[in-house]
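# What the coordinates show
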Amino acid sequence: MLRVCLTVSVSGTLHKVMGTRLTPNSSPQIEAVFSHSQHQTSLSRSNDPTGRCVYTFEVISPQETSCTGNSTKSEMDEVLTRLTLLEAMVSQLIAGGGSGTGTGGLRYNDEYLQEAYAQVTRERNQLQLEQERLKTQVQKLQSTLAELSLEAERLRQRPCEQTNTSGGTLHENRPLRDPGYHFKNTSYQEMKAEVKKLPASHLIPEGNHSLTGCGELLSVGDPVLHRKADAITGKYGVWLQDPDPRGPYYTENTVWRIDAVGKEVRQLFIYENIDQFSKGFPMKVLVLPEPMESTGATVYQGSLYYQRRRSRTLLRYNLTSENLASRLDLPHAGFHGQHPYSWGGYTDIDLAVDEQGLWAIYSTKKAKGAIIISQLDPESMKVRRSWETKIRKNSVGNAFMMCGRLFTIASYTTLNTTINYMFDTATNEGQSIAVPFMNKYHYNSMVDYNHAQRKLYAWDNFHMVTYDVRLGWAGQGSS
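About the criteria used
Residues numbered from 1 in each chain as written. Predicted model: local features only at pLDDT ≥ 70, side-chain atom pairs only at ≥ 80, totals over all residues. Heavy atoms only, no water. Helix = DSSP H or I, 4+ residues; strand = E, 2+ residues; numbered from the N terminus. Phe/Tyr/Trp six-rings, centres within 6.5 Å; stacked < 30°, edge-to-face > 60°. Buried < 20%, exposed > 50% of the residue type's maximum accessible area, 1.4 Å probe, protein only. Lys NZ or Arg CZ within 6 Å of the ring centre and 35° of its normal. Pairing = 2+ DSSP bridges. Axes fitted to C-alpha atoms, helices over the stretch in contact; angles between N-to-C directions. 1 Å grid on protein atoms, 1.4 Å probe; cavity = no way out; pocket = protein on both sides within 12 Å on 5 of 7 lines; lining within 4 Å. Points joined across faces, edges and corners; volume = space filled by probe spheres on them. Nonpolar A, V, L, I, M, F, W, Y, C, P; charged D, E, K, R; others polar.

### Some remarks on the environment of Ile433
Checked against the element boundaries, Ile433 lands in strand β24 (residues 429–438). Each C-alpha atom of the pair Ile433 and Phe407 lies 9.2 Å from the other, and the pair is 26 residues apart in sequence.

Structure below.
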C-alpha cells in the first residue's frame, strides 16, 4: 500500500487527506473526512488500459458550475509525476535487494567494498614503494652522470696518438698557445728507438739488501697490485710512503692516499701499514686546508707537498701539526693544462723525491714546453737550482726522479711501453734509453720513486701498484 497526501481546491477552500490507505473499502472513511464540507463525494475504482486498479475520488461543488482555470489539473499532474518517480525508486530498491534479503545483502556489499578497498590500498602501497625505488635510482643516475661529465672534462685534456717515422707510437698533446712551436724550435731532441746496452755485471748482487747508493737503471719489474679504488673518484690519484719520515706519529710503513678526481680534492687518507691499506682500513682522514691540483703530490720528511688548485703555488702541509708550514709560487711555471703530461689531468707541476731530496718537474712559457727540473729546499720550497732538458713534457706519459736523474715514460696507456729518456743533473746531459715498462691497466696517471723501498709507486686506472727496480754499478764484477 502507498501512503499519499492529496490536496484538492474546492471553492477556494483547501481540503487534505493525510495518511489515507487506499483499499477497496476506503469510501466510508473518505466520506467521513469530508462530511463537514457539505459537498458530495464519491469513490470509485476501475482497471486502466494496462490492467492496473485505479481509484477515482470525486468532489462535486454545488456553487461552481465549471472550473475557472487549469491549476487543479496542473497540481494533480505534478502529484502523479512525483508518485511515478517514487514508484520507480522503490522498484530499484526492491530489485537491488534481490541477491540477498535484509541485512544479508548489505553485509555482502560491505564485505565486497572492504575487499576492494584493501586491494586498492595494497596497490597504492606498492606504487609508492616503486616510486621511491625509481626516485633513488634516478638520484644515483644523476650522481653517476655528474661524475662522468667531470671525467669527460678531464679526458678532453688527453692527446691523440701520433705515429712517428721510426714506427713507434708517440703520445703528444697539441700545444694550446703556440701551435707552431714544434716547427720553430729545432733544438729539441726527438725520440728515437735507441737501446743502450748495459753489461749484466752492473746488476746489484742478489741478497744485498742495502738500499744506499745509486746506479744506472737496468730494469723495472712487473706491477704488483695492492689495492683497487671503488669509486669514480679513484680513477686516478696519489699513493705513497714517506722515505724519510719525521715526527712522533708516522713511520716509513705509513701509507698515504689521495683520490684526485673532483673539483675540491682535500681528503688525505692515512693507513697504518700496507696491509691495512690493502684491506681499506684507514686509521685517520685529514682534510687539507686548500684544494689540491692533479696527481703531482709527494710526502717527504713528515710533510705533504702539493700544488694548489688552479695556481702555480706549492704548499707544504706539516703532517704532525696538521697546518700549512710554507708556500711558494714556482716562478713562471705553467699550470692548469698549460704544460701537462700527455694524459692531461692538469699535471703541469709534478713533485718528486729521491736520494738527493725534493724536486719539481714542470715547464714554462719561455722553455716552450720543454721539461725543467728544479731542486727545492724542503723547508721553504725555494728553488736551489734548475736544469732545462730537451724533451717536451707533453710528449711523455709520466716522469720520476731517481739518483738525481730524470726518467720519462713514453706512454701512459700502451701495455708494453718503455722508459725512454734520462737526464742526469750531475752531468747536465740527457740521452734516449729503452727500459721496458708495463702499463698493466692502460691508464697510468702517477709514477713516483721511493728510494727507501727501492720501488716505483703508480696509480694505473683505479689500481694502486708498485714496481721493483734494479740498478747497476759501474766497475763492479758480476756476482
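Here the narrative resumes, following the displayed structure.
### Quick look at the packing of aromatic side chains
Taken as a whole and assessed by the stated rule, the structure comprises 12 aromatic pairs. Consider the rings of Phe400 and Phe407, whose centres lie 5.5 Å apart with planes at 15°: the pair is stacked. Here the two residues Phe400 and Phe407 agree in accessibility, since each one is buried. Ring pairing ties together the aromatic residues Tyr236, Trp343, Tyr412 and Tyr443, which thus form one cluster. The residue whose ring lies beneath Lys235 is Tyr443, and the NZ or CZ to ring-centre distance is 4.4 Å. Across the ring face of Tyr341, the terminal group of Lys393 is positioned such that the distance to the ring centre comes to 3.8 Å.

### Details of the sheet that holds strand β18 (residues 357–362)
Across the sheet, four strands lie side by side as β17-β18-β19-β20; this open sheet has antiparallel pairing. Because the sheet does not close on itself, it has two edges, and the strands there are β17 (350–354) and β20 (383–392). Within the sheet, the average angular offset between the axes of one strand and its neighbour, ignoring direction, is 25°. As paired elements, β18 and strand β19 (residues 370–376) share five bridges and run antiparallel to each other. Considered in β19, the bridge of Ile361 is made with Ile373.

### Structural notes on empty space enclosed by the protein
Remark: the empty space left among the atoms is shown by a probe the size of a water molecule rolled over them. Here the structure, examined in full by the defined rule, presents four cavities of 30 Å³ or more. Taken together, Leu240, Gln241, Pro243, Thr298, Val299, Ala352, Val353, Asp448, Tyr449, Asn450 and Tyr457 make up the full set of residues lining the largest cavity. Of all the elements in the fold, those that place two or more residues in the lining of the largest cavity are β9 (237–241), β13 (298–300), β17 and β25 (444–450). For the lining of the largest cavity, the class distribution of residues is seven nonpolar, three polar and one charged.

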